[in-house]
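The primary structure of each chain is shown beneath.
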Amino acid sequence: MKCEICKAQEASVHLTQVMDGEVKKLHMCEDCARKGGINIENPVSISDLLLGLGKEEPVEEAPAAPDRACPVCHLRQADFRKTGRLGCPECYAAFATELAPLLRQMHRRDHHVGRTPGAVPGGVSPAEEAAAVQEALDRAVADERFEEAARLRDRLLALRQRIAAGSPAAPEARP
Amino acid sequence: MNVGDLLRQPHLWACGAGEDGIAASSRVRLARNLRGHAFPDWAGEDENLRVWRTLEPVLRALPSMQGSVSAANEAMTDLDRQILVERHLSSREHARKGRGSGIVLRADERLAVMVNEEDHLRMQSLECGLRLHEVWERMEALDREFEERIACAFSPRLGYLTACPTNVGTGLRASVMLHVPGLVLMEEMAPVVNGIQKLGLAVRGLWGEGTEAVGNMFQISNQMTLGAREEDLVGDLDRLVREVIDHERNARARLMRSRETVVRDHVGRALGILGHAHVLTSNETLSHLSALRLGIELGIVERLDRATVDALLLLTQPAHIQRAAGRPLGPRERDEARARLVRERLGEPPRRRRVRKTKA
Ligand SMILES: [Zn+2]
Ligand SMILES: [Zn+2]
């Protein structure tokens, strides 16, 4: 089988991933896999590869400013495409638009529902969390993901109750 | 750290627990990063070194990490780093890193923290057998202790922020290592792998590639990290693994009903080769040890126990072989040393052998 990327060499790296309920397979040679930033010994996902391979042919975003950089760590979009790795925590905000479709492909949902840092200095207050849930709720409604929207609404109500009760677990809750 | 100290203790795998040994080990790892610091691959060596020097004492002082040892990568030999990989305490990627990376691990190997691998912290909790919930509880306790002291990079919307977006959210990867020779021998592993992948989980051979896993050891893990609670990720995996274990039990039962002689032959040949060969490659050893492990679990081989086989699965890997020899060995020397070790542990009971030898 020939590599699907360069169509020249024999494919020896085979990636399989389930995306949106569909099984996608990608066969490529070691060189192309490496260029795509794939760890051949432990391939992670097709999405990783797509991230890395978009160099000449961008995956799906608008031809916006070609080489934006993270204001904090100065990682450029091109660097991210090359390695599939971000430079610092702030990169998530800097490249939010580009990351959103990727995150939706890779994960179950596009927002976090797991643990949050507890009473850590700078941890997340219910107010901050509520703002984020509200944002996610608006998106879910706009995208007509109603099941998710219903769940988010319940969560938002619970958070508002906590805020109203002045949750002792969240000393930094904003008024 | 003294990796040599680790070598002297039996590995977790060889704990002998787990009713039928199909689930060899359970693991949960969390990816965490420090707020306000570039991720390890983008930060320079100097910054990585500062992070390591900050984190190392903090980690060692955590209540969960009492009795831990630590080592900077550059203070370890290549062989030591490889030993940690073979014991599943470190990753290949981490082993390749130099100055600025390091590891802190509890002497019982149940908790280990890689510093400056792909993320600032890769914390893992490991246990033999199928004990995902226990492993997760221990992991969560460590995470809480850590968070009381150091602020992690976290976004209310995206959760814990990681260098690679594939880990963002919970940063959690739970995995179970399964020994499934029954499914492989009955040629039923491919559909099982397919089903697991359709559920959005990842499955790969621990040794070798894809469904052609050498030694019939497969690792199943969650892929998605964002958008589900940690308990659900762990619980989903636990349920799936139990299903696979049931399939394996069925496959073994059918195997014994329909091809008992073939199975006995397979196991007997494996025991014969392991007990008498003088040159053993790594892959050959893994395949035969897998057959032997199956034979023990099916009651075909009675004079050996699973812990002996599990210990050999670890001790016959390249870095462990060389560590035992006390020097680096070429591939051929390794194969000879491996065969010697296996013969010693599996061969005829020592008393009878000695009698034979003294004849000369
Ligand atoms: Zn190619
Ligand atoms: Zn950045």
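Details of the structure are given in the entry above.
Being a predicted model, the structure only gives us computed values, none of them experimental.

Caption draft 1: The arrangement of unusual backbone geometry in detail. Residues and elements named next belong to chain B. One non-glycine residue, Asn 116, lies in positive phi territory at about 55°. Along the chain, the position of Asn 116 falls in the loop between β4 (111–115) and β5 (121–128). Look at Asn 216: it is not a glycine, yet its phi comes out positive at around 55°. Tracing the chain through its elements places Asn 216 in strand β10 (residues 214–222).

Caption draft 2: Fine view of the packing of helix α11 (residues 318–325) of chain B against helix α12 (residues 331–346) of chain B. All names here are of chain B. Relative orientation of the contacting elements α11 and α12 amounts to 80°, with a least axis distance of 10 Å. Relative to α12, α11 is oriented roughly perpendicular. Here Pro 318, Ile 321 and Gln 322 of α11 come into contact with α12, specifically with Arg 334, Ala 337, Arg 338 and Leu 341. Classifying every residue of the contact of α11 with α12 gives 4 nonpolar, 1 polar and 2 charged.

Caption draft 3: Region of interest: the coordination of the zinc ion (ligand 2). Residues and elements named next belong to chain A. Cys 70 (SG), Cys 73 (SG), Cys 88 (SG) and Cys 91 (SG) make up the full set of protein donors to the zinc ion (ligand 2), lying at 2.3 to 2.4 Å. Its 4 donor atoms give the zinc ion (ligand 2) angles of 98 to 123° at the centre, a pattern that matches the tetrahedral case. The motif formed by the donor residues of the zinc ion (ligand 2), counted along the single chain, is C-x2-C-x14-C-x2-C. Separated by 18 residues along the polypeptide, Cys 73 in the loop between α2 (46–53) and α3 (77–83) and Cys 91 in helix α4 (residues 91–94) bring together distant segments of the chain. Look at Cys 91 and you get buried, because its relative accessible area is 0%.

Caption draft 4: Geometry of the environment of Glu127(B). Residues and elements named next belong to chain B. Positionally, Glu 127 belongs in strand β5. Sequence separation between Glu 127 and Arg 264 is 137 residues; the distance between their C-alpha atoms is 31 Å. Separated by 2.8 Å, the side chains of Glu 127 and Arg 110 make a polar contact.

Reading guide: rules and limits
Residues numbered from 1 in each chain as written. Chains lettered and ligands numbered in written order. Predicted model: local features only at pLDDT ≥ 70, side-chain atom pairs only at ≥ 80, totals over all residues. Heavy atoms only, no water. Helix = DSSP H or I, 4+ residues; strand = E, 2+ residues; numbered from the N terminus. Axes fitted to C-alpha atoms, helices over the stretch in contact; angles between N-to-C directions. Parallel < 35°, antiparallel > 145°, perpendicular 65-115°, else oblique. Contact = heavy atoms within 4.5 Å. Nonpolar A, V, L, I, M, F, W, Y, C, P; charged D, E, K, R; others polar. Donors = N, O, S within 2.8 Å, 3.2 Å for Na, K, Ca; no water. Tetrahedral: all angles 85-135°; square planar, octahedral: opposite > 155°, others 65-115°. Buried < 20%, exposed > 50% of the residue type's maximum accessible area, 1.4 Å probe, protein only. Polar contact = N/O pair within 3.5 Å; in protein donor to acceptor, adjacent residues only side chain to side chain.

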